[in-house]
Amino acid sequence: MTGLQDQPKLKAAQRPRTAARVAAVQALFQIEQNGDRPDSVIEQFLIHRFGTTLSGESYEDGRIPEADVALFTSIVKGAVSNRSAIEQGIVKTLPSTWPIERLDPVLRALFFAAIAEARHAEVPAAVLINEYMDVAHGFFFGDEPRLVNGVLDALFKNPTPVEDHDSTTGTPAEE
């Protein structure tokens, strides 16, 4: 075997882009639930959640050891600045009997993160769907990852053109 074949597959916590996606979901959840300002939440993550500590804290301790900070920031800012357009896409994809407010708030945050990243990333749709399904598996133990697959597949394969930024100057959390 070669040296690469001998190495175990990296866990999500050891993959900086995946760690950034997990953190973005957490940050978007915090913004929605607490009404916090996005810039403040981003700063909190940069100061208090990212990086390693001398005691070696990990996800279980609320730390995100190796996150791609630029990707994290891009996802959070993109989700906030394009909130209504992203929400419209989700609403159009969900069955009429399942309003967006009925979604678990973490699942809602995950959709916002995935769609924000897809709008501005050059990552193939299939890769993003896979990544966010992995993220969903980290938060949920039921059918939610299948819902993530279905919604993102529908959105990414049949995108509808929408404005890049919301027409409002800010979200209620920013005012």
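Because the structure is a prediction, the values reported are computed rather than measured.

Asker: Give a detailed account of helix α5 (residues 83-93), specifying residues and quantitative values.
Answerer: For α5, every residue scored as buried is listed here: A85, I86, G89 and I90. In an axial view of α5, the angular spread of the buried residues amounts to 140 degrees, which keeps them on one side of the axis. Buried residues belonging to α5 abut α4 (69-81), α6 (105-120) and α8 (144-157).

Asker: Outline the nonpolar core, listing residues and values.
Answerer: If you look at the biggest cluster of nonpolar residues, it comprises 47 residues, and the most contacted ones within it are L28, F72, I90, F111, Y132, V148 and L152. Among the elements of the structure, α2 (16-34), α3 (38-49), α4, α5, α6, α7 (125-139) and α8 are those that each provide at least two residues to this core. Broken down by element, this core gets its largest block of residues, 10 residues, from α6.

Asker: Explain the confidence of the model for the protein chain to me, using residue names and the numbers behind them.
Answerer: Looking at the protein chain as a whole, its pLDDT mean stands at 80, while 74% of the residues score no less than 70. Counting contacts from residues 1-13, a segment whose pLDDT is below 50, to residues more than four positions away or on other chains yields seven contacts. Counting interchain partners and residues more than four positions distant, the pLDDT-below-50 stretch residues 162-175 has 26 contacts.

Asker: Got a sec to walk through the packing of aromatic side chains? Specific residues and values, please.
Answerer: Under the counting rule described, the total for this entry stands at three aromatic pairs. Look at F50 and F72: their rings are 4.9 Å apart centre to centre, the planes differ by 85 degrees, and that puts the pair in the edge-to-face class. Here the residue F50 occupies a position in the loop between α3 and α4, and F72 occupies one in helix α4, the gap between them amounting to 22 residues. A single burial state applies to F50 and to F72, both of which are buried. Among the aromatic residues, those joined into a cluster by ring pairs are F45, F50 and F72. Lying across the ring of F112, R83 places its NZ or CZ 4.5 Å from the centre. One cation-aromatic arrangement involves R102 over W98; the distance from NZ or CZ to the ring centre is 3.7 Å.

Scoring rules and cut-offs
Residues numbered from 1 in each chain as written. Predicted model: local features only at pLDDT ≥ 70, side-chain atom pairs only at ≥ 80, totals over all residues. Heavy atoms only, no water. Buried < 20%, exposed > 50% of the residue type's maximum accessible area, 1.4 Å probe, protein only. Helix = DSSP H or I, 4+ residues; strand = E, 2+ residues; numbered from the N terminus. Arc of directions from axis to C-beta. Contact = heavy atoms within 4.5 Å. Core = buried A, V, L, I, M, F, W, Y, C linked by side-chain atoms within 4.5 Å. pLDDT = per-residue confidence, 0-100. Phe/Tyr/Trp six-rings, centres within 6.5 Å; stacked < 30°, edge-to-face > 60°. Lys NZ or Arg CZ within 6 Å of the ring centre and 35° of its normal.

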